[in-house]
Amino acid sequence: MDAPVSIDLMKPLTKLVDVIANAIGVLYEPHQLVRMAHAEAKADRIKVIEHAKTEAILANDIDKYSQLSAIEKRMVIIEQKRQANIMNIIGVATQLIKNEKDITSEPVNPDWATRFFDISQDISDEAMQNLWGRILAGETKQPGSYSLRTLDTLRNISPEEAALFEEMANFVLYNGSHFIFNGSYHKLEQLGIMYYKIATLIEAGLVQPGSTVRHHFYIKDNKPTNHYMSYANYIVEINQPTNLPTLSMPIYILTQMGQEIYGLIQPKPNLEYLALIAQYLKKNGDPKIRYAPIQNINSDGTIQYDEESLVDL
């Protein structure tokens, strides 16, 4: 007998059920996300092959019968693998979303859901299934989070490229866009940021091509100006006096697809990296650069932190 499902779990899981049902035409229940997908469609295809095999027997065409039997066997094996892949991905999404409370009632685009399962059914690597499960959970929670272009980009990314992106995500900063610092090359190499890794991510469509892009920090209204960047779970505050020239640093920028996938990752901050950036920005003056743990990110994107916890870089 099925275990009871609490009312708190019904809303997020019911929405996930709707996404799945609309995409692959199967009715799921919130506490039974374990049913066979595409059962009727597979049965119809098997019936066609069985009919052709019967005709081959009547015509005494043993070769054709053998070929059809091989096709049928291969089709069943492929569909079994695809079904296992889908269920693993759904399982990841279920665990992520079942306790969510902040979930919008906006429906997921049916075309998006169909494309998602058309692609993800052929994802068999466990780490990549985990990534696809997180995408399904994220899109269910907030439709429009992941574009169709991102799905198409992700389908062509190897597990090795995904692991490399997760490694480089530990160095992503945000100030209007997501980027990786590209100065002090030899010191960056010591931290593991090497150009061949960036080049691989450029080829994968996760980082924009070009190594001459710079991020600028401008004085506002001819007054001392505070600039802010977020880095993993830290806020970085840059105080720029009016007597300093415009501050800037070379960067690699993530593509839109890279930014969307970055949102799935929990980066591990490296304070040596922040110190290196601070050292670079202080080459042309002495801006005051400090950092502090982020306490909360509000719905409007503003960041809360304790000013008394700021530490100099």
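In this text, all values refer to a predicted model and were calculated from it rather than measured experimentally.

**Q** Looking at this structure, how should I read the overall build of the chain?
**A** Along the chain, the regular secondary structure elements total 11 helices and 10 strands. By the burial criterion, 44% of the 313 residues in the chain qualify as buried. As presented, the chain carries roughly 17200 Å² of accessible surface, and 50% of it is formed by carbon and sulfur atoms.

**Q** How should I be thinking about helix α11 (residues 271-281) in this particular structure?
**A** In an α-helix, one full turn covers 3.6 residues, which means residues spaced three or four apart are oriented alike. Looking at α11, one finds that the buried residues are Y273, L274, L276, I277, A278, Y280 and L281. Taking the backbone nitrogen of E272 as reference, a side-chain oxygen 2.9 Å away marks N270 as the first, capping residue of α11.

**Q** Got a minute to help me understand the layout of surface pockets in this structure?
**A** If you roll a probe as big as a water molecule over the atoms, it shows you where there is empty space left. Its volume calculated, the largest pocket comes out at about 1400 Å³. Lining of the largest pocket is provided by 35 residues; of these, H178, Y262, G263, L264 and I297 occupy positions nearest its centre. Considering only residue class, the lining of the largest pocket consists of 16 nonpolar, 14 polar and 5 charged.

**Q** Please explain the side chain of S248 as it appears in this structure.
**A** With respect to the helices and strands, the residue S248 is situated in strand β6 (residues 247-253). Separated by 3.1 Å, the side chains of S248 and R214 make a polar contact. Apart from residues lying up to four places away in sequence, S248 is in contact with R214, H215, H216, Y280 and L281.

**Q** I tried to follow the environment of L274 on my own but got confused; where do I start?
**A** Tracing the backbone through its elements, the reader meets L274 in helix α11. For L274, a relative accessible area of 2% gives the class buried. Between the C-alpha atoms of L274 and Y291, which are 17 residues apart in sequence, the distance is 8.7 Å. The contacts of L274, once residues within four sequence positions are left out, are L173, Y231, V236, Y291 and L313.

**Q** Would you mind going over the pairing of strand β4 (residues 225-231) with me for this structure?
**A** Here is the key point about a regular strand: its side chains alternate between the two faces of the sheet. Most of β4 sits inside the fold, with 5 of its 7 residues counted as buried. Two elements, strand β1 (residues 172-174) and β4, share 2 bridges in a ladder whose sense is antiparallel. Bridge pairing in β4 links L173 to Y231. As defined by bridge partners, β4 adjoins strand β5 (residues 234-240) across 7 bridges and the pair is classed as antiparallel. Across the sheet, residue T225 finds its bridge partner in β5, namely Q240. Between β4 and β5, which pair antiparallel in sequence order, lie 2 residues; one of them, A232, sits at a positive phi of approximately 55°.

**Q** In this structure, what is going on with the sheet that holds strand β3 (residues 214-217)? I would like to understand it.
**A** Sheet architecture is open: 8 strands sit in the order β3-β6-β2-β1-β4-β5-β7-β10, paired in antiparallel fashion. The open sheet is flanked by β3 and β10 (311-312), the only strands paired with a single partner. Together, β1, β2 (178-181), β3, β4, β5, β6 and β7 (288-293) form the strand contacts of α11, whose direction differs from that of β6 by roughly 135°.

**Q** Hey, could you run me through the packing of aromatic side chains in this one?
**A** For any pair of aromatic rings, geometry is given as the distance between the ring centres together with the angle between the planes. Counted according to the given criterion, the structure contains 9 aromatic pairs. Aromatic pair F171 and Y273: ring centres 5.1 Å apart, planes at 75°, arrangement edge-to-face. Highlighted residues: F171 in the loop between α7 (159-168) and β1 and Y273 in helix α11, separated in sequence by 102 residues. When its relative accessible area of 0% is taken as the criterion, Y273 is described as buried. Ring plane angle 50° and centroid distance 6.5 Å describe the contact between Y228 and Y305, whose orientation is recorded as tilted.

**Q** Would you mind going over the pairing of β3 with me for this structure?
**A** Taking every second residue as pointing to the same face, the buried face of β3 carries H215 and F217, while none of R214 and H216 on the other face is buried. Across 4 bridges, β3 lies against β6 in antiparallel orientation. Looking at β6, one finds that F217 is bridged to L247.

**Q** I would appreciate a short explanation of the packing of helix α4 (residues 110-120) against helix α6 (residues 148-155) in the present structure.
**A** Two numbers describe a pair of packed helices, the interaxial angle and the distance between the axes. Contact geometry of α4 with α6 gives a least axis separation of 10 Å together with a crossing angle of 5°. When the interaxial angle is binned, α4 and α6 end up roughly parallel. The residues of α6 that touch α4, namely those facing D111, W112, R115, F116 and I119, are L148, L151, D152 and R155. Within the contact of α4 with α6, the residues separate by chemical class into 5 nonpolar, no polar and 4 charged.

**Q** How should the pattern of salt bridges be read in this particular structure?
**A** Should their charged atoms come close, side chains of opposite charge can pair. Applying the stated criterion across every chain yields a total of 5 salt bridges. A salt bridge links D122 to R82; the shortest N-O distance between them is 2.8 Å. Of this pair, D122 sits in the loop between α4 and α5 (126-141) while R82 is found in helix α3 (residues 62-97), placing the two residues 40 residues apart along the sequence. A relative accessible area of 45% places D122 in the partly exposed class. Under the relative-accessibility criterion, R82 is labelled partly exposed at 24%. A salt bridge links D152 to R155, with the nearest nitrogen and oxygen atoms 3.8 Å apart. Of the two residues, D152 and R155 both sit in helix α6, 3 residues apart, roughly one turn of that helix. Three or more residues joined by partner-sharing salt bridges are found here, namely R115, D152 and R155.

Rules and cut-offs
- Residues numbered from 1 in each chain as written.
- Predicted model: local features only at pLDDT ≥ 70, side-chain atom pairs only at ≥ 80, totals over all residues.
- Heavy atoms only, no water.
- Helix = DSSP H or I, 4+ residues; strand = E, 2+ residues; numbered from the N terminus.
- Buried < 20%, exposed > 50% of the residue type's maximum accessible area, 1.4 Å probe, protein only.
- Areas by Shrake-Rupley, 256 points an atom, 1.4 Å probe, with all protein chains shown as cover.
- Polar contact = N/O pair within 3.5 Å; in protein donor to acceptor, adjacent residues only side chain to side chain.
- 1 Å grid on protein atoms, 1.4 Å probe; cavity = no way out; pocket = protein on both sides within 12 Å on 5 of 7 lines; lining within 4 Å.
- Points joined across faces, edges and corners; volume = space filled by probe spheres on them.
- Nonpolar A, V, L, I, M, F, W, Y, C, P; charged D, E, K, R; others polar.
- Contact = heavy atoms within 4.5 Å.
- Pairing = 2+ DSSP bridges.
- Axes fitted to C-alpha atoms, helices over the stretch in contact; angles between N-to-C directions.
- Phe/Tyr/Trp six-rings, centres within 6.5 Å; stacked < 30°, edge-to-face > 60°.
- Parallel < 35°, antiparallel > 145°, perpendicular 65-115°, else oblique.
- Salt bridge = Lys/Arg side-chain N within 4 Å of Asp/Glu carboxyl O.

The values are spatial; any link to function lies outside them.
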